[in-house]
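Spelled out from the first residue to the last, the chains are:
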Amino acid sequence: MKLHKYENYDEYVKEQTQANVAKLKNVWVRENAIQKVVSYKPFASSILCHGTRNGRELEYFKKFLPHAEVVGTEISHTATQFKNTVQHDFHEVREDFVGKFDIVYSNSFDHAYDPSKAILAWKDQLTTDGVLVIELMTGVENISRPVDPLEINYEEFKELAEKNGLRVVEKNIMHRQMSGAKNSIMVALKK
Ligand SMILES: C[S@@+](CC[C@H](N)C(=O)[O-])C[C@H]1O[C@@H](n2cnc3c(N)ncnc32)[C@H](O)[C@@H]1O
């Protein structure tokens, strides 16, 4: 596991916000990945997504689960431009999120400056039998750098999850069409 070190918190927020603004129209998430996530909890009624940029994953969740409440967090000030998105640093606890979500999903875990702090906050946002689903690029696509500080492989993720009161129950590899890149989707439950 490798973690990029920032001078201070303001530098972290600045890096994330600059990249967010520059890539505001980009969409990383794929619909088939969200379909897969929904298959782990097909009757979910509340879903929280972390690091959502323009909110595309929220739209995909709504497509598969139209009656669910779907909320996204985004550190950048651009959050206010997107429906159901709150400006919030996903490392921090929000009392109104605690114990509330059947699915907590993120494809932005590699943007965590403190992976233990983030994963602990996310675990506490789950309902008793909720699922935490993390989607990450694998291999050479996941390199620690100022915009994506966390480089972590599956074994390291499993260990981190275990240390923070979670058990990883499933891992799936998703193939991204066109680019040929592979992502891992990891599913964890509260111990
Ligand atoms: C790789 S993009 C993914 C965007 C979106 N999920 C997608 O699939 O298109 C990562 C996003 O996470 C946001 N982000 C980074 N650090 C964050 C944090 N600590 N809390 C909330 N959002 C964060 C970034 O601003 C950026 O918009």
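Refer to the preceding data block for the structure.
Residues numbered from 1 in each chain as written. Predicted model: local features only at pLDDT ≥ 70, side-chain atom pairs only at ≥ 80, totals over all residues. Heavy atoms only, no water.

Enquirer: Looking at this structure, how should I read the overall build of the chain?
Expert: Within the chain, the regular secondary structure consists of five helices and nine strands. Taken from the N to the C terminus, the helices and strands of the chain come in the order β-α-α-β-α-β-β-β-α-β-β-α-β-β. Here the chain has a C-alpha radius of gyration of 15 Å; the compact-globule value for 191 residues is 16 Å, and the two agree. Taken along the three principal axes of its C-alpha coordinates, the chain extends 40 × 40 × 35 Å. Taking all 191 residues of the chain together, the buried fraction comes to 51%. Just so you have it, the chain exposes about 9500 Å², and 50% of that area is on carbon and sulfur atoms. (Helix = DSSP H or I, 4+ residues; strand = E, 2+ residues; numbered from the N terminus. Rg over C-alpha atoms; globule rule 2.2 N^0.38 Å. Buried < 20%, exposed > 50% of the residue type's maximum accessible area, 1.4 Å probe, protein only. Areas by Shrake-Rupley, 256 points an atom, 1.4 Å probe, with all protein chains shown as cover.)

Enquirer: Explain the site of the ligand here, please?
Expert: Neighbouring residues of the ligand: 19 residues in total, closest W28, G51, E57, E74 and N107. Between the ligand and D89, the relevant distance is 2.9 Å, taken from a nitrogen atom to a side-chain nitrogen or oxygen of the residue. When the free accessible area of the ligand is taken as 600 Å², the share hidden by the protein chains comes to 95%. The cavity where the ligand resides is the largest pocket. Broken down by element, the residue count for the shell around the ligand peaks at three residues, all from helix 1 (residues 9-22). Here the shell around the ligand is built from residues that sort into six nonpolar, nine polar and four charged. (Near = heavy atom within 4 Å. Polar contact = N/O pair within 3.5 Å; in protein donor to acceptor, adjacent residues only side chain to side chain. 1 Å grid on protein atoms, 1.4 Å probe; cavity = no way out; pocket = protein on both sides within 12 Å on 5 of 7 lines; lining within 4 Å. Sits in = over half its atoms within 2 Å of the grid points. Nonpolar A, V, L, I, M, F, W, Y, C, P; charged D, E, K, R; others polar.)

Enquirer: I would appreciate a short explanation of the pattern of salt bridges in the present structure.
Expert: Two side chains that carry opposite charge are able to pair once their charged atoms sit near each other. What the rule picks out here adds up to ten salt bridges. Linking D129 and K41 is a salt bridge whose minimum nitrogen-to-oxygen distance equals 3.8 Å. Remark: K41 occurs in the loop between helix 2 (31-40) and strand 2 (46-50) and D129 occurs in strand 6 (residues 126-137); sequence separation between them is 88 residues. Residue K41 is classed as buried on the basis of its relative accessible area, which comes to 17%. K163 is the partner of E159 in a salt bridge, and the nearest nitrogen-oxygen pair spans 3.7 Å. Residue E159 and its partner K163 are both found in helix 5 (residues 154-163); the two are separated by four residues, about one turn of the helix. (Salt bridge = Lys/Arg side-chain N within 4 Å of Asp/Glu carboxyl O.)

Enquirer: So what exactly am I meant to see when it comes to the packing of helix 2 against helix 3 (residues 56-64) here?
Expert: Working note: a packed helix pair is described by the angle between its axes plus the distance between those axes. Running from amino to carboxyl end, helix 2 crosses helix 3 at an angle of 50 degrees, the nearest separation of the two axes being 9 Å. With respect to helix 3, the axis of helix 2 lies oblique. Crossing hand, helix 2 versus helix 3: right-handed. Contact with helix 2, carried on its side by E31, I34, Q35, V37 and V38, involves E57, Y60, F61, K63 and F64 of helix 3 and no other residues of that element. For the contact of helix 2 with helix 3, the per-class residue count stands at six nonpolar, one polar and three charged. (Axes fitted to C-alpha atoms, helices over the stretch in contact; angles between N-to-C directions. Parallel < 35°, antiparallel > 145°, perpendicular 65-115°, else oblique. Left-handed = near helix turned anticlockwise from the far one by under 90°. Contact = heavy atoms within 4.5 Å.)

Enquirer: Honestly, the nonpolar core in this entry has me stumped. Any pointers?
Expert: The nonpolar side chains of soluble globular proteins are, as a tendency, buried together. Membership of the largest hydrophobic core comes to 28 residues, with the highest contact counts inside it found for F109, I119, W122, L132, I134 and F157. Mapped onto this core, the elements with two or more residues apiece are strand 5 (101-106), helix 4 (115-124), strand 6, helix 5, strand 8 (166-175) and strand 9 (182-190). Residues within four places of I119 in sequence aside, it is in contact with F109, L132, F157, L160, A161, N164 and L166. In this structure, A44, V131, V133 and M174 belong to the second largest nonpolar core, which totals 22 residues. (Core = buried A, V, L, I, M, F, W, Y, C linked by side-chain atoms within 4.5 Å.)

Enquirer: Would you take a moment to explain the pairing of strand 2 for this structure?
Expert: Each regular strand carries side chains that alternate between the two faces of the sheet. Counting buried positions over the five residues of strand 2 gives five, a clear majority of the element. Neither face of strand 2 is open: one carries S46, L48 and H50, the other I47 and C49, and all of them are buried. The pairing of strand 2 with strand 3 (residues 69-74) spans five bridges and is parallel. Along strand 3, the bridge assignment pairs H50 with T73. For the crossover that starts at strand 2, traverses helix 3 and ends in the parallel strand 3, the hand is right-handed. (Pairing = 2+ DSSP bridges. Right-handed = clockwise from strand over helix to strand, strands pointing away.)

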